[in-house]
Amino acid sequence: TMNLFGNSTAAPSLTESIFGSSPSNTDNPPSNNDLFSKSIPQQQPPSESRKRPRTGKKNTEKPSVEKATSETPRQTLQRRQTQSQHSILDQFTISAQDYQHSGGDDELYADVRSLMRHHGLVILRNALTEQDVTTIATIADDTQRHICDALDAKKIPYNSSVANEETETFVYKELAVRCQGRMDVRYDYDDNVTTTTTKQQQQLPSSLIELVDNLAASILHGAEPPSLVYSGWIFSHPGSANQPWHTDGSPLFGNGINESLPSYAINIFVGLHDADELLVLGPTEFVVGSHQMDPEVVMDTMIDTAVPAVIGKGDVLLYDYRVCHRGTANLSSTLSVVPSSSLSASEVVDKEDDHDETSGEGVVRKVLYQMYARPWFKEHLNFGEKSLFEE
């Protein structure tokens, strides 16, 4: 018989027909009870030396996500700080620098593939150079300025203190605001760049493109290479609200089939902020392992196990399309991170303090993200048909 990729095979299974390979026994979904005690698979374990060391006392208690409505900004930040030290994060956090001296790219891609299969997300530290981060951040700043200037010119509120979810939700061909203060902008929103940077400067670093292409190919390996489906920016403005918990798309199949499948689509985030600053700006929270669980069960019973994936400048976060997650509120209108006397630490100040001249201002969290999928997968993007730049 012929499978979906045109290969002649003997009566393939459903998984073999769609994904080009049959998952091994290590692909069995973990039980909920094992979520916080899972070990890295034995056949391709990342070296212990590649685990990113953490400072301070490690939290091994089950994380708890309290309702934001009952917290002050300072309490929310303290909760994020506590959760960001949870030991489960070490299970899927590795450093790209450790692979430069031994193992090389092949071992890196194999470890990423293995971690993604078991946990649904991977944090890759030190993946990009400082210069690459600066280049990407410059494009992000220019994009945000151009979009916000156009919204301001049309008097469209996108982060006002009086706006709410009903008055601050809109879509255009170039962008969508689906949650208060949070903006999703297409990377190629303007083919005729009219901003202060040139078309050449708007190009992403080739080292980033090569890295994410290879990472995606290692995770979505099959008879055909994966496709870059979408590239865009997330801008989370000061005062933005927590997103609702969600997965990035509807299941392909019901009756538990979807949770047993290998990855068919992934998202990749590029870190553009220091880790300490991101705790204030609002890290993305994830329910680890939820790509192998029923989404309804996860949202009903597992939300209190979520942890924030805190990535620093030059770090890359990869997660399975099926993982339950949410973006969190940007607290920088009331809290700010400032360097302390120690070069290795920072401190947070309350902007309500009369001595703080920046009270009421804040910092926009900027994220470059790229979505990859197997060639047959179709993403239905909910953007508008009218251009923001039309008169």
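Preceding block: the structure.
Report follows, based on the coordinates. (Residues numbered from 1 in each chain as written. Predicted model: local features only at pLDDT ≥ 70, side-chain atom pairs only at ≥ 80, totals over all residues. Heavy atoms only, no water.)

## Side note on the environment of N258
In step 1: Examined against the element boundaries, N258 turns out to sit in helix α6 (residues 257–260).
In step 2: Sequence-wise, N258 and M293 are 35 residues apart; in three dimensions their C-alpha atoms are separated by 8.8 Å.
In step 3: Leave out the neighbours within four places in its chain, and N258 touches P251, L252, F253, Y264 and R322. (Helix = DSSP H or I, 4+ residues; strand = E, 2+ residues; numbered from the N terminus. Contact = heavy atoms within 4.5 Å.)

## Points about the pattern of salt bridges
In step 1: All chains considered together, the criterion is met by eight salt bridges.
In step 2: K366 is paired through a salt bridge with D141; the nearest N and O atoms lie 3.4 Å apart. With K366 in strand β14 (residues 365–373) and D141 in helix α4 (residues 130–153), this residue pair connects regions lying 225 residues apart in the sequence.
In step 3: Residue K366 is classed as buried on the basis of its relative accessible area, which comes to 12%.
In step 4: By relative accessible area, D141 is classed as partly exposed at 31%.
In step 5: Residues participating in the shared-partner salt-bridge network are E71, R79, E285 and R326. (Salt bridge = Lys/Arg side-chain N within 4 Å of Asp/Glu carboxyl O. Buried < 20%, exposed > 50% of the residue type's maximum accessible area, 1.4 Å probe, protein only.)

## Let's talk about the pairing of strand β6 (residues 227–236)
Two faces, one strand: in a regular strand the side chains alternate between the faces of the sheet.
In step 1: Of all the ten residues making up β6, seven are buried; the element is thus mostly covered by neighbouring parts of the structure.
In step 2: With five bridges joining them, strand β5 (residues 182–186) and β6 adopt antiparallel strand pairing. Following the sheet pairing, V185 is matched in β6 by W233.
In step 3: Pairing of β6 with β14 involves nine bridges; the strand directions are antiparallel. Bridging across to β14, G232 finds its partner in Y369. (Pairing = 2+ DSSP bridges.)

## Some details on the sheet that holds strand β11 (residues 325–327)
In step 1: Taking strand neighbours across the sheet as the criterion, the three strands line up as β9-β8-β11 in an open arrangement whose pairing is antiparallel. Because the sheet does not close on itself, it has two edges, and the strands there are β9 (307–309) and β11. For this sheet the average axis-to-axis angle between neighbouring strands, irrespective of direction, equals 30°.
In step 2: As judged from the three bridges shared by strand β8 (residues 284–286) and β11, these two strands associate in the antiparallel manner. Paired with F286 across the strands is H325, a residue of β11. (Axes fitted to C-alpha atoms, helices over the stretch in contact; angles between N-to-C directions.)

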